Every structure is written in C-alpha cells, then in structure tokens.
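Spelled out, the chains give:
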Amino acid sequence: MKHKLIGPFTQVVSLANLPMKGAIEDEALEIIENAGVVVDENGKIVEIGDFASLLIHQYSEIEGIEGDAVLLPGFVDCHTHICWGGNRARDYAMRVAGKPYLEIAKAGGGIQDSMRKTREASEEDLIGVTQQRADRHFSRGVTTIEVKSGYALDIENELKMLRAIKNADALTKADLVSTCLAAHMKPKDFEGTSIEYLDRALENLLPKIKEEGLSNRVDIFTEETAFNVEESLYYLKKAKELGFEITVHADQFSTGGSKVAVKVGALSAEHLEASGDEEVKLLAASDTVATVLPGASLGLGMQYPPCRKLLDAGACLAIASDWNPGSAPMGDMLTQGALLGAMEKMSTAEVFAGMTFRSAKALGLTDRGRLQKGMLADMQMYPCADYREILYNQGMLPPSKVWKKGE
C-alpha cells in the first residue's frame, strides 16, 4: 500500500474532537507541533504525528515542507452562486451611492439583470466562468464549494446552469456540490401565480434533475419579496418527497424562513441577518445548521447575523461566502471570516469550525473538515509559525499551498 508523508509542519490545527454545536474556546484546539501527515493512495489521512518519528517508516514519497508552516483543513464553502453570466457593477455603484433596491430594480438591475445575462450565456461560457471562480476559491484554501443555480428561472436555462456546474466540477480541483435554486424568485416573464411557478418546477424541472443526476439538493428564498412561508412549505415538502435534500434562504430581511427550515428538517437555514431571539432558540434546539453569510452583510451594508447569540444558545454555526454577482461579489471566505469574528466576538476556533467541519455538515458531508485518521486529506498551509496569525492578518495572509485528497 502506497503512503505519502507530508511535512514537517510547525503546527497542525486538526480541529479534531471539537463539538458540532455551540461555543468553542481556543483552548480546546488540538495543536500538533513539528508534525507530519501520512496520506494513502485514496487521498485519506492515515496518521498525524511527530514528523521525526514518522520518518523512520518507509514511504513511497516524502513531500518536504520548508520554513514555518501552519496546516488547517481545507475550507468548505456551503453557500455560493458562482455560476452566473455578466456582472452587477452598476447595481453596486448605485447601492453604495444610496439608491434603494426598488429604484435599482426599476433601472433594470437586481436578480432580473443576472437572469437576462445568464440566459444569454452559453453553457460553455458558464462552465468557463464557474471553473475560473472555483479555481480562485481553491487557491484561497476552499476545497469544497456548494454552487446554486437560480439565475435562469426557467426550465431550459436552470438545466443549463446545473449542467454547467456538473461539467465545471470535472475541470476544477475543488469539489463542487450543486443545488437547485429555481425558487430564487418568480421571474417577471412568468404570468402565473407563485404556486403555479413552483408547480412547474416540481413537475417539469426537478424530475429532470434527478434523471440526469444534476443535483440532490433544493433551495428556496423565503422572503416577502420572493416566496412566503406557506408557498415555501408547499414546495419543500413536495421536493423532499421527490428525494431531495433541503436548504433554505432564511431570515435575510424578515423572519419566517428559519421556521420553515426547521419544520421541514432542512440541512441548513442560510443568511439569518434578521433572526431574533425566537429564531435563535429554534435553530439551536434543532439539527438544522445556522449558516451565516458575512459577504452579504458587507455588500449590502447591513447588520451581521447574531452569531454570538447563536453559538451561546448551542447552534451549529457555519460560515459561507455567498459569492454572487449582486450582494456578495467579494467571494473571499478568509477575509469574511476574520471580519465576522471581530464584529461578533467569535473565537478563532469558532471561526475555523464554521468554515470547515460545521460547514461540511450543512452539505451533509462527514468525510472532510477535520485533519484526523480516515478523513480526506483536503488541507491548506499558511506561511507562519502560529495559527493565530491567519485571522489576525484579515485575509492578507493567504495559503501558500493547498491539497485536495493529498495532492
């Protein structure tokens, strides 16, 4: 059996033995010093330990590391929209100049603008831009990326987006996990009711997605300007009957979405900027991951989700980038995590957990997000001697090396 030894690392921050829910103090972090990582031919971790002690064994390959180096698990970004056509730079300029959302929409901006540009883009165009964004994310330590459709909002082009995501997955080093967000909003060119639009997706889109193996996940934007609570419950219950896993855009501008997510047993409730004490308690008492998106708060100039309250109440808190053309164009998890931690008074351990194994839980993945025996060797290395330097530099200390399954 071929095994490879990688190291020595000044510190390996394994994130092993940390709880899936609730607050975490930095003292709980397992820090393995002067360590090596042994990886098998399947890209899984066999052993982590003192590098000098591991060196006495015979390995098919030794990958040497020079200088100070801190090793973390690869980040898992459990909420992105990186498959889209065009851009919304004009929207952004109008928004920061103080123009309200409705005025921007009336000027031809908003999701409808991305819809037009995405419909106009060819599948090859979408494959290319999705791969480029995924490759950039990977270079910044993100080894698993959820990617939503939802910028086409008709049968033909939603399928085009999901096919593009599937094809981009084969071209990028990162793992792409696709999600159908046809229920992003009812497009202006659909003349029926919201329920009729959702029924069309249930009858004509979701079965085709299953048939082609394009996705196993369904999302909906539960909001006053998109789909209300009753419409969301109707759609998600039927999608679940079709065999889809569920996630929900919840509590971004008004509450209700997190209650929908918990009621249908969703893997995650995502956004939560408007969540209050009632929603915090509800999420903490459930198995639904509370996924927060600091990039949207930054892009829209609005409050952060109540992360400290969620953690202290016992919730499983994941952090994702929400990389999209409108509200969160930055797409940098490390910068966002560092800023969120400072604003919400989160420990380094809580931020790292939120971007790794807790975010993996939001995708239903149990084989990544920690550095320990049997887990995928999805790893990232930072050129420093102390793990605390990573968030301290607020995104300006990027990883110098990234591994996917040990490669």
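Residues numbered from 1 in each chain as written. Predicted model: local features only at pLDDT ≥ 70, side-chain atom pairs only at ≥ 80, totals over all residues. Heavy atoms only, no water.

Caption draft 1: The packing of helix H6 (residues 155-169) against helix H7 (residues 194-212), seen in detail. Between H6 and H7, whose axes approach to 11 Å, the crossing angle comes to 25 degrees. One way to sum up the angle between H6 and H7 is to call them roughly parallel. Two packed elements cross with a definite hand, and for H6 against H7 that hand is right-handed. For the pair H6 and H7, contact is made by Ile155, Glu158, Leu159, Leu162, Arg163 and Lys166 and by Arg200, Asn204, Leu205, Lys208, Ile209 and Glu212, respectively. (Axes fitted to C-alpha atoms, helices over the stretch in contact; angles between N-to-C directions. Helix = DSSP H or I, 4+ residues; strand = E, 2+ residues; numbered from the N terminus. Parallel < 35°, antiparallel > 145°, perpendicular 65-115°, else oblique. Left-handed = near helix turned anticlockwise from the far one by under 90°. Contact = heavy atoms within 4.5 Å.)

Caption draft 2: View of the nonpolar core. The biggest cluster of nonpolar side chains holds 95 residues, and the ones touching the most others in it are Leu206, Ile209, Val218, Tyr235, Leu236 and Leu310. Contact partners of tyrosine 235, with chain neighbours within four places excluded, come to Ala183, Leu198, Ala201, Leu202, Leu206, Val218, Asp219 and Ile220. Counting residues in hydrophobic clusters, the runner-up holds 17 residues, among them Ile48, Leu71, Met379 and Met381. (Core = buried A, V, L, I, M, F, W, Y, C linked by side-chain atoms within 4.5 Å. Buried < 20%, exposed > 50% of the residue type's maximum accessible area, 1.4 Å probe, protein only.)

Caption draft 3: Structural view of the sheet that holds strand S9 (residues 217-221). The 8 strands lie next to each other as S6-S7-S8-S9-S10-S11-S12-S13, forming an open sheet whose pairing is parallel. Across the chains shown, the open sheet's two edge strands, defined by having one partner strand only, are strand S6 (75-77) and strand S13 (317-319). The average undirected angle you get between the axes of adjacent strands in this sheet is 25 degrees. Sheet topology places strand S10 (residues 245-250) next to strand S11 (residues 268-271); 4 bridges connect them, and they run parallel. The residue bridging valine 248 from the neighbouring strand is alanine 269, located in S11. The sheet contacts of H6 involve strand S7 (142-148) and strand S8 (175-183), and relative to S8 the element is tilted by about 175 degrees. (Pairing = 2+ DSSP bridges.)

Caption draft 4: Quick peek at empty space enclosed by the protein. Scanning the model with the defined rule gives 1 cavity of 30 Å³ or more in all. Counted as a void, the largest cavity has a volume near 40 Å³. At the level of secondary structure, the elements contributing two or more residues to the lining of the largest cavity comprise H6 and H7. If one sorts the elements of the lining of the largest cavity by residue count, H7 sits on top with 4 residues. Partitioned by chemical class, the residues of the lining of the largest cavity number 6 nonpolar, no polar and 3 charged. (1 Å grid on protein atoms, 1.4 Å probe; cavity = no way out; pocket = protein on both sides within 12 Å on 5 of 7 lines; lining within 4 Å. Points joined across faces, edges and corners; volume = space filled by probe spheres on them. Nonpolar A, V, L, I, M, F, W, Y, C, P; charged D, E, K, R; others polar.)

Caption draft 5: Representation of the pattern of salt bridges. In the structure shown here, the tally under the stated rule is 26 salt bridges. A salt bridge links lysine 117 to aspartate 113, with the nearest nitrogen and oxygen atoms 3.1 Å apart. Of this pair, lysine 117 and aspartate 113 both sit in helix H4 (residues 111-120), 4 residues apart, roughly one helical turn. The exposure class of aspartate 113 is buried, given its relative accessible area of 8%. Between aspartate 277 and lysine 309 there is a salt bridge, with the nearest N and O atoms lying 3.3 Å from each other. Here lysine 309 lies in helix H12 (residues 307-313) and aspartate 277 lies in helix H10 (residues 277-284), a separation of 32 residues in the sequence. Judged by relative accessible area, which is 48%, aspartate 277 ranks as partly exposed. One continuous salt-bridge network, built from bridges that share partners, spans Glu146, Lys148, Arg217, Asp219 and Glu270. (Salt bridge = Lys/Arg side-chain N within 4 Å of Asp/Glu carboxyl O.)

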